[in-house]
Structures are given as C-alpha cells and as structure tokens.
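Overview (structure and organization)
One letter stands for each residue in the lines below.
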Amino acid sequence: MASFPPRVNEKEIGKLLLNLVDHTEVVRDLTFAPDGSLILVSASRDKTLRVWDLKDDGNMMKVLRGHQNWVYSCAFSPDSSMLCSVGASKAVFLWNMDKYTMIRKLEGHHHDVVACDFSPDGALLATASYDTRVYIWDPHNGDILMEFGHLFPPPTPIFAGGANDRWVRSVSFSHDGLHVASLADDKMVRFWRIDEDYPVQVAPLSNGLCCAFSTDGSVLAAGTHDGSVYFWATPRQVPSLQHLCRMSVRRVMPTQEVQELPIPSKLLEFLSYRI
C-alpha cells in the first residue's frame, strides 16, 4: 500500500495527491487531528461530517450523522480525542473520536452556530453564533462558563434568532489559552480574556469572515469577504500563576478527574475554570 504523503521530488511538488469524493453538498470546513495521524474530518452542507484516513489512500472511515441542517465548522480537541461540530439550527455537537459516537449536544445558542475552537489545554471550547454571542463552554460537562456579547443589551431569544448587524462570524483561541478573538458584522474585531466579560481591545474591520492566531499568539490574521487579509499585534499579558497551573493540570485531566482529586477545596477551586 502506498504511504501518504508520498516522497516527492521538487518537480512533483504541487501535484494532486488525492481527491476525496463522497459529500453531496458544499464542504464548509476541514480539520486534521493534531496527533499527526493524518486523520481528516470534513464538514458539509449535506448535514454530515466524514472522517478520512490519508495514510490509507484517503479511505473514508466513518460518517458522523446527527446534524439536521448545514454543518458550518468543526475542530479537534488538542489530544484528538474529541471533535466539536457546529451548524445551522443552533447546533453544537461533541463527538468521541475513538468510538465515533456523539458525546452530547450543547444547548444555549439561539441561532446558527458558525465557528468553534478549543483552548490549548482542551479544557474550554469557544463557539460563535449569529445570535451575537460567543460562549465559552466546559466541553466535559456542557456548562457555559462565560458569555461574550456583541450587542448590548443582549437580544432576547426570540430576537436573537433574527437578522441584526452583530452576527459573529469567527472565533479563535490564542495559544496562551488566555485570550480569544472574535469577528462580527458590526465591523469590529474584539480581543477578550477568558476571565473578563468585556473586550480588552477592539479594532476596526469591515467584512470580517475568519480569523486565526499565529503559533506564538503574537499576531492575529483575519480574512474578509472582499479578498483581503489583515494582521494585528495581539494583547500581551503575563499569565497568572493560577492560569499556568490550570493549563498544566488540564492538559492531562478532564473536569471530572480534577474535581475528584483528594486535595483541599480551596486548591481545587484554584485549579478549576469557574462560572
């Protein structure tokens, strides 16, 4: 069986290696498993996610079904054990990627959910929605830990499902695990801290569509509907000892295991992400 990616010389660079054909509608997003396994997940308007093994000539391993409408985006947890998928009709799903089964559906948004991203330690999940909100979740128990509102006062559920000029288009976690960036239709990019419910910095941006932090977290790139890419220097703050300790523990322990540690309650509170 041929290995993937194959060894190629310079003359072959740019050559098409695989063409994965199975979706029946537009493919909206792609994400690779971070563990280097070359497992790829595709999200589509055909209401499915498909899992591909590129080491096995692009063999489709599994179809994940559960969405009742378009799937907009998907993201792996840092340890590749969990996948989040978001879509139309308020959908936020979490999947076990060892068993390819649904773990839970997260309830809270009031409109289509269009973007998602895990924190670097896997303890938090950010989702962005047309309901003008970014939610920070604990994906291990489904709790909403923080709400970042882009319209004040926030719209009631009946109005959050309609059109407005505050639809949130994209969300991204910084690699410091402390900051989150969001783009909305109000022509602004916002930088948030996970422990504060107001932006620590804002900047103008028209027609924002997607954003991503650089690996060291020092730069945010944002793409727009008109074909431009903009860059910003991001807020730089020294993480607290609490944040560093939380990230170190949560890289190896989910919420339930942290809560069961035989340690004093004050220390347990210190190590926990709280509402």
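Residues numbered from 1 in each chain as written. Predicted model: local features only at pLDDT ≥ 70, side-chain atom pairs only at ≥ 80, totals over all residues. Heavy atoms only, no water.

Right, let's get into the overall build of the protein chain. Within the protein chain one finds four helices and 19 strands. At 19 Å, the protein chain has a C-alpha radius of gyration in line with the 19 Å of a compact globule built from 275 residues. Judged by the C-alpha coordinates and their principal axes, the protein chain covers about 55 × 50 × 40 Å. The 275 residues of the protein chain split such that 45% are buried. Partitioning the intrachain contacts of the protein chain with sequence separation of at least 6 by distance along the chain shows that 43% fall at a separation of at least 24. When the accessible surface of the protein chain is split by element, carbon and sulfur atoms take 53% of a total near 14100 Å². If you average the places of the 26 positive and of the 32 negative side-chain charges in the protein chain, the two averages end up 2 Å apart. (Helix = DSSP H or I, 4+ residues; strand = E, 2+ residues; numbered from the N terminus. Rg over C-alpha atoms; globule rule 2.2 N^0.38 Å. Buried < 20%, exposed > 50% of the residue type's maximum accessible area, 1.4 Å probe, protein only. Contact = heavy atoms within 4.5 Å. Areas by Shrake-Rupley, 256 points an atom, 1.4 Å probe, with all protein chains shown as cover. Lys, Arg positive; Asp, Glu negative; His and termini not counted. Charge placed at Lys NZ, Arg CZ, Asp CG, Glu CD.)

Turning our eyes to something else, we now look at the environment of Arg190. Position of Arg190 relative to the elements: it lies in strand S15 (residues 188-193). Along the backbone, Arg190 and Ala203 are 13 residues apart, and their C-alpha atoms lie at a distance of 6.6 Å. Apart from the residues within four sequence positions on either side, Arg190 is in contact with His150, Val180, Ala181, Ser182, Ala184, Pro199, Gln201 and Val202. In terms of polar contacts, Arg190 uses its side chain to reach the side chain of Asp186, at 2.6 Å. (Polar contact = N/O pair within 3.5 Å; in protein donor to acceptor, adjacent residues only side chain to side chain.)

Another aspect to go through is the nonpolar core. Most often, soluble globular proteins keep nonpolar side chains buried together rather than apart. In this structure, Leu124 and Ile136 are the most contacted members of the largest nonpolar core, which totals 19 residues. Mapped by element, the contributors of at least two residues to this core are strand S10 (125-129), strand S11 (133-138), strand S12 (143-149) and strand S13 (168-173). (Core = buried A, V, L, I, M, F, W, Y, C linked by side-chain atoms within 4.5 Å.)

It is worth spelling out the pattern of salt bridges at this point. In total, this model carries eight salt bridges according to the counting rule given. One salt bridge in this structure joins Arg50 and Asp22, with 2.3 Å as the shortest N-O distance. Of this pair, Arg50 sits in strand S3 (residues 48-53) while Asp22 sits in the segment before strand S1 (27-32), and the two are 28 residues apart along the sequence. Residue Arg50 is classed as buried on the basis of its relative accessible area of 7%. (Salt bridge = Lys/Arg side-chain N within 4 Å of Asp/Glu carboxyl O.)

On the basis of which strands lie adjacent, the open sheet formed by four strands has the order S13-S14-S15-S16 and antiparallel pairing. Unpaired on one side and paired on the other, S13 and strand S16 (201-204) mark the two borders of the sheet. The average angle at which neighbouring strand axes cross in this sheet is 15°, direction not considered. In terms of strand pairing, strand S14 (residues 179-184) meets S15 through six bridges, oriented antiparallel. Paired with His179 across the two strands is Arg193, which belongs to S15. (Pairing = 2+ DSSP bridges. Axes fitted to C-alpha atoms, helices over the stretch in contact; angles between N-to-C directions.)

Let us look at the side chain of Ser44. Topologically, Ser44 is positioned in strand S2 (residues 39-44). Here Ser44 falls in the buried class, since its relative accessible area comes to 0%. Sequence-distant contacts of Ser44, defined by excluding residues within four places in its chain, comprise His23, Glu25, Val26, Val27, Arg28, Trp70 and Val71.

This next bit is on the UniProt feature "repeat: WD" (unreviewed entry) in the protein chain. The UniProt feature table records "repeat: WD" (unreviewed entry) at residues 20-62, 64-105, 106-147, 168-202 and 212-232. As annotated, residues 20-62 has a helix share of 0% and a strand share of 51%, and its two end C-alpha atoms lie 13 Å apart. Taken end to end, residues 64-105 is 0% helix and 60% strand, and its first and last C-alpha atoms sit 14 Å apart. (UniProt positions renumbered as here; feature names shortened; annotations may be inferred.)

A large share of S11 lies buried, amounting to six of its six residues. Residues of S11 alternate between two faces, with Arg133, Tyr135 and Trp137 on one and Val134, Ile136 and Asp138 on the opposite face, all of them buried. Relative to S11, S10 runs antiparallel, the two sharing four bridges. The partner of Ala126 across the bridge, within S11, is Ile136. Between S10 and S11, which pair antiparallel and follow one another directly, the connecting turn spans three residues, one of which, Thr132, has a positive phi of 80°.

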